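Spelled out from the first residue to the last, the chains are:
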Amino acid sequence: MNMPIIDHVFVLMLENHSFDHLLGFSGITGTDAVTGRPTAVNGLTGSETNSWNGTAYQAKRGAAYAMPADPGHEFPDVLLQLTGKGLPFDGTKPYPPIHNSGFVNDYINGPKGQGQAIMNFFTPEQLPVLHALASEFTVCDNWFSSLPGPTCPNRFFVHAGTSGGLDHSPTSRQILEWETLQGIKFEHGTVFDQLKIRYNDGFQIYRGQGFPTDVFPNVAQLRGITSVQAKPFGDFKADVNDPSYPYAYTFIEPSYGNVLGNTYKGGTSMHPMDDATGGERLIKETYEAIRQSPHWPKSLLIVIWDEHGGFYDHVPPPPAIAPGDQPVSGTINQYGFDFRQYGVRVPAVIVSPMIPKNVIDHRLYDHSSVPRTLQDVFGIEPMTQRDKHANSLFPLTLLLQEARTDAPLTLPEPADSNLPVVAEVPAAVMDQTVDQGSLPLFLHAALKTDMETSLKAKRPQIQQEFNAIQTRQDAQDYIEKVQNKIS
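Residues numbered from 1 in each chain as written. Predicted model: local features only at pLDDT ≥ 70, side-chain atom pairs only at ≥ 80, totals over all residues. Heavy atoms only, no water.

If you tally the helices and strands in the protein, you get 14 helices and 16 strands. Relative to the 2.2 N^0.38 estimate, which gives 23 Å for 487 residues, the radius of gyration of the protein is 21 Å and therefore close to what a compact globule would have. If you line up the protein on its principal axes, its C-alpha atoms span 60 × 60 × 50 Å. Within the protein, buried positions represent 60% of all 487 residues. In the protein, of all internal contacts separated by at least 6 residues, the share reaching a separation of at least 24 is 80%. Carbon and sulfur atoms make up 51% of the accessible area of the protein, which amounts to about 18100 Å² in all. Of the charged side chains in the protein, 35 are positive and 52 negative; the average position of the first set lies 4 Å away from that of the second. (Helix = DSSP H or I, 4+ residues; strand = E, 2+ residues; numbered from the N terminus. Rg over C-alpha atoms; globule rule 2.2 N^0.38 Å. Buried < 20%, exposed > 50% of the residue type's maximum accessible area, 1.4 Å probe, protein only. Contact = heavy atoms within 4.5 Å. Areas by Shrake-Rupley, 256 points an atom, 1.4 Å probe, with all protein chains shown as cover. Lys, Arg positive; Asp, Glu negative; His and termini not counted. Charge placed at Lys NZ, Arg CZ, Asp CG, Glu CD.)

This paragraph deals with the environment of Phe-121. Looking at the secondary structure, you find Phe-121 in strand E7 (residues 120-121). Sequence spacing of Phe-121 and Ser-26 is 95 residues, and the spatial spacing of their C-alpha atoms is 9.8 Å. Those residues in contact with Phe-121 that lie beyond four places of it in its chain are Asp-20, His-21, Phe-25, Leu-44, Ala-59, Lys-60, Arg-61, Gly-62, Ala-63, Gln-126 and Tyr-312.

Inspection of the entire model under this criterion finds 27 aromatic pairs. Taking the centre distance of 5.9 Å and the plane angle of 55° together, the rings of Phe-89 and Tyr-95 count as tilted. What makes Tyr-95 buried here is its relative accessible area of 13%. Here Phe-121 and Tyr-312 contribute two aromatic rings whose centre-to-centre distance is 6.1 Å and whose plane-to-plane angle is 65°, an arrangement assigned as edge-to-face. Within this pair, whereas Phe-121 is found in strand E7, its partner Tyr-312 is found in the loop between strand E13 (299-305) and strand E14 (348-351), the two being separated by 191 residues in sequence. There is no split in this pair, since Phe-121 and Tyr-312 are both buried. What links up through ring pairs into an aromatic cluster is the set Phe-75, Phe-89, Tyr-95, Phe-157, Tyr-335, Phe-337 and Phe-339. (Phe/Tyr/Trp six-rings, centres within 6.5 Å; stacked < 30°, edge-to-face > 60°.)

In this section: the packing of helix H12 (residues 439-452) against helix H14 (residues 472-486). In the contact formed by H12 and H14, the axes pass within 10 Å of each other and the chain directions differ by 35°. The crossing of H12 and H14 is left-handed. Mapping the contact onto sequence places Leu-439, Leu-443, Ala-446, Leu-447, Thr-449 and Asp-450 in H12 and Arg-472, Ala-475, Tyr-478, Ile-479, Lys-481, Val-482, Lys-485 and Ile-486 in H14. (Axes fitted to C-alpha atoms, helices over the stretch in contact; angles between N-to-C directions. Left-handed = near helix turned anticlockwise from the far one by under 90°.)

Turning next to the packing of helix H4 (residues 128-136) against helix H9 (residues 276-291). The contact between H4 and H9 brings their axes to 8 Å, and the two run at 45°. Here H9 runs oblique to H4, going by the angle between their axes. Touching Pro-128, Val-129, Leu-130 and Leu-133 of H4 are Glu-280, Ile-283, Lys-284 and Tyr-287, all from H9. Counted by class, the contact of H4 with H9 contains six nonpolar, no polar and two charged residues. (Parallel < 35°, antiparallel > 145°, perpendicular 65-115°, else oblique. Nonpolar A, V, L, I, M, F, W, Y, C, P; charged D, E, K, R; others polar.)

Attention shifts here to the sheet that holds E13. If you trace the 10 strands from one edge of the open sheet to the other, you get E3-E2-E15-E8-E14-E13-E1-E12-E10-E11, paired in mixed fashion. Every interior strand has two partners, whereas the edge strands, strand E3 (38-40) and strand E11 (231-232), have only one. As defined by bridge partners, strand E2 (residues 29-32) adjoins E3 across three bridges and the pair is classed as antiparallel. Paired with Thr-31 across the strands is Pro-38, a residue of E3. Seen against the sheet, H9 touches strand E1 (8-14), strand E12 (249-252), E13 and E14 and runs at an angle of roughly 175° to E1. (Pairing = 2+ DSSP bridges.)

Taking burial as the measure, the 10 residues of helix H5 (residues 151-160) include 10 buried ones, the bulk of the element. Looking only at H5, the buried set comprises Thr-151, Cys-152, Pro-153, Asn-154, Arg-155, Phe-156, Phe-157, Val-158, His-159 and Ala-160. Backbone geometry just after H5 places Gly-161 at a positive phi near 65°.

Below, the discussion takes up the pattern of salt bridges. Within the structure shown, the criterion is met by 20 salt bridges. Its salt-bridge partner being Glu-288, residue Lys-284 comes within 2.6 Å of it at the nearest N-O pair. Of this pair, Lys-284 and Glu-288 both sit in helix H9, four residues apart, which is roughly one turn of that helix. For Glu-452, the salt bridge goes to Lys-448, with nearest N and O atoms at 2.8 Å. Note that Glu-452 and Lys-448 are positioned in helix H12 at a spacing of four residues, about one turn of the helix. (Salt bridge = Lys/Arg side-chain N within 4 Å of Asp/Glu carboxyl O.)

A two-sided burial pattern is seen for E14, the buried positions comprising Ala-348 and Ile-350 on one face and Val-349 and Val-351 on the other. Relative to E14, strand E8 (residues 138-140) runs antiparallel, the two being bridged by two bridges. Each bridged residue has a counterpart across the sheet, and for Thr-138 the counterpart in E14 is Ile-350.

Attention shifts here to the pairing of E13. Among the seven residues that make up E13, seven are buried, leaving the element largely enclosed by the rest of the structure. Two elements, E1 and E13, share seven bridges in a ladder whose sense is parallel. Bridge assignment links Leu-14 to a residue of E13, and that residue is Trp-305. Sheet topology note: the E13/E14 ladder contains four bridges and is antiparallel. Bridging from a neighbouring strand, Leu-301 pairs with Val-351 of E14.

Structural data, given as C-alpha cells:
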C-alpha cells in the first residue's frame, strides 16, 4: 500500500520546563525508534541531587502546579546551573565543563526560593494529558533547547535555525534599535518566508486569547509576520475541521497569561508561575481538534517547550553546530556566545497516525529540527548550518505503512490543581520597570504592529512614544492603544 504523505505540520510550543521536570518520573517504556527494541526514557531514578552551601537536595516526586517565584533562565543563570560557576564568561573560549550542578544554587540566590522546589518533579498523575500523549505516540528524550539561554532566542531557532546572534532577553531600548529594521530579519530568512514563496497558503499562526498581550504573539517580532495575521486559538478547531484547510504549516502560541503584571497567571503556556493545568488543557484541545479533523491521516503534530525555565535536568547538554550566519545587529550578542553549545534538555512529543504506539526516540534534536523536518516534508531550503545538520523528525512518519485508526479521539481531562482563582495585580507592580521578564518581547510585537499600520510620516512619532515607556503601566497603555487600533 502507498504510504500517506504529510500535508500538514502543526507545532505547539509551550514555556519553560526541563524534560526531567515534566517527564523525568514518567517511567515510560516502549520501543526504540531506531532499533525497534524495548527501551525506556532517560529519566530520573530519585537518587539525583544538587547541592548548595553543604546541603544536598534530592530529586522528589510531586511538583507544585505553580511556582512562587520564577526560576532564572537568562544566560548567566543557565551558565551557573550547568557549570556550577557564574560570570564572567569568556566568549573566546569553549563553554566551561558541564555537570548540571548549580540549579539549586541559582534558584536560592536568584528568586530567593526554597532549594527543594527546583528538585521536585511532576508525576504522571499530575500531568495525565502529557503522559497519555507521550505514551501513545513518540517521546523524544534527547531534545535540547537550542542555546543555554532564555525564551526569545530559543524560539527564533524554531523559525530560522538561528537567533541571529541574540543570546539574551532584549530590553525595550534594544528593541527600539531593531525596529529601524521593521522587525527581526535573519540573513537567510525564516521558514515562513520560504513557505510564502512555495505555497499560496503556506502557513497560519494561532495565538492565545484573554489578555492584551496575547494579541501580539512572539512570532510577530519577525519581519514579514504581522500580529494581524495571527488568529485566536478559539478559531482553531473549526478551521482545522474544514476539509479545505489549506495551510501546510501551522504554528500555535499559547496565552502567556498576565505578562503585564509579571505573574503570567491565567494563561495556557505552562509558565512556571502559572497553573500547569492550563497548558495541559491547550495540549488536549490541540490534539483533539487535529485527531477529529479530516486532515488527521496526513498530519504531524510537534509539541515542544522553548527552554527549561531554570528547572533541574540530569542530562548534560552536548556541544552544538554554530548556525554560521551574520548577526542581526552589532549589539545583539551580549555575552559573546558562539552558539556551539546546546541548552538544557526539554520535553518533546511527536504525534502522527504514521507513528506506532509507544515509541521512544533517543536521537539528538534541538529546535532546529523543526525547520529541518519542514525541509523534508515540504522541500524548503536550509537556512543555517544548524538546521542543515539537525536531525529530522520525518523518519518517524515512515515507521508504518498506513495510518493508524486506533489513536484515541480524546485525551484525559487535566488534573485538578486546586489553585485559587487568579488574583488582581497590586497597583504597585504596575509602577515597576518595563524591562523585567518577557514583557519587552510583546512590546516589540506591538511596536512593529503600530509601525506597520501607520503612515511612514507617523513612525518617528511612534518611536518617540515608545521610547517614553518606562513602567508596566506605560506598557499596558501603549499595548491597549495599539490593540484598539488594529481591532
